[in-house]
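Each chain, letter by letter, is given below.
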Amino acid sequence: FEQLGQYSDLAIVAYRAHLGELILAALIKNMFLTFPPTTDTPTERYRRFYLAGGFYNVFIQWLKGGLREEPAVMAQICAEMATKGCPSPFDEVGDL
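Notes on the structure in this doc start here. Treat the numbers as computed from the prediction; the structure is a model and nothing was measured.

## Focus: the overall build of the protein
For step 1, the next point in the chain: Looking only at helices and strands, the protein has six helices and zero strands in total.
For step 2, the next point in the chain: Counting over 96 residues, the protein shows a buried share of 22%.
For step 3, the next point in the chain: Of the roughly 7,300 Å² that the protein leaves accessible, carbon and sulfur atoms contribute 60%.
For step 4, the next point in the chain: Across the protein, the 8 positively charged side chains and the 11 negatively charged ones have centroids separated by 6 Å.

## Here we look at helix 4 (residues 42–64)
For step 1, the next point in the chain: With 23 residues, helix 4 ought to run about 33 Å at 1.5 Å a step, and its terminal C-alpha atoms sit 33 Å apart, in line with that.
For step 2, the next point in the chain: Taken as a whole, helix 4 has its buried residues at Glu44, Arg48, Ala52, Gly53, Tyr56, Phe59, Ile60, Trp62 and Leu63.
For step 3, the next point in the chain: Immediately downstream of helix 4, the backbone of Gly66 shows phi near 85°, a positive value.

Procedures and definitions
Residues numbered from 1 in each chain as written. Predicted model: local features only at pLDDT ≥ 70, side-chain atom pairs only at ≥ 80, totals over all residues. Heavy atoms only, no water. Helix = DSSP H or I, 4+ residues; strand = E, 2+ residues; numbered from the N terminus. Buried < 20%, exposed > 50% of the residue type's maximum accessible area, 1.4 Å probe, protein only. Areas by Shrake-Rupley, 256 points an atom, 1.4 Å probe, with all protein chains shown as cover. Lys, Arg positive; Asp, Glu negative; His and termini not counted. Charge placed at Lys NZ, Arg CZ, Asp CG, Glu CD. Expected span 1.5 Å × (residues − 1).

Structural data, given as structure tokens:
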């Protein structure tokens, strides 16, 4: 988030110009480079797409909110969700 915050003006312009998919594509690429799959399975590939999509949405909401939270706080939030999951509100759904 530290680096992303440095380019927040550019990211906001890209998002408002309906070019958010470019941001998402960069995040997906970075996800695969930073966390390469250990096996070539659909689950491993889709997990990275899923995490990149979640990260993208958190990043966009952070931008729209005026970057109020510190980058370190945002990184911690994303790391916690990526490693521990998002139990609530999903814990209310039960087994599907």
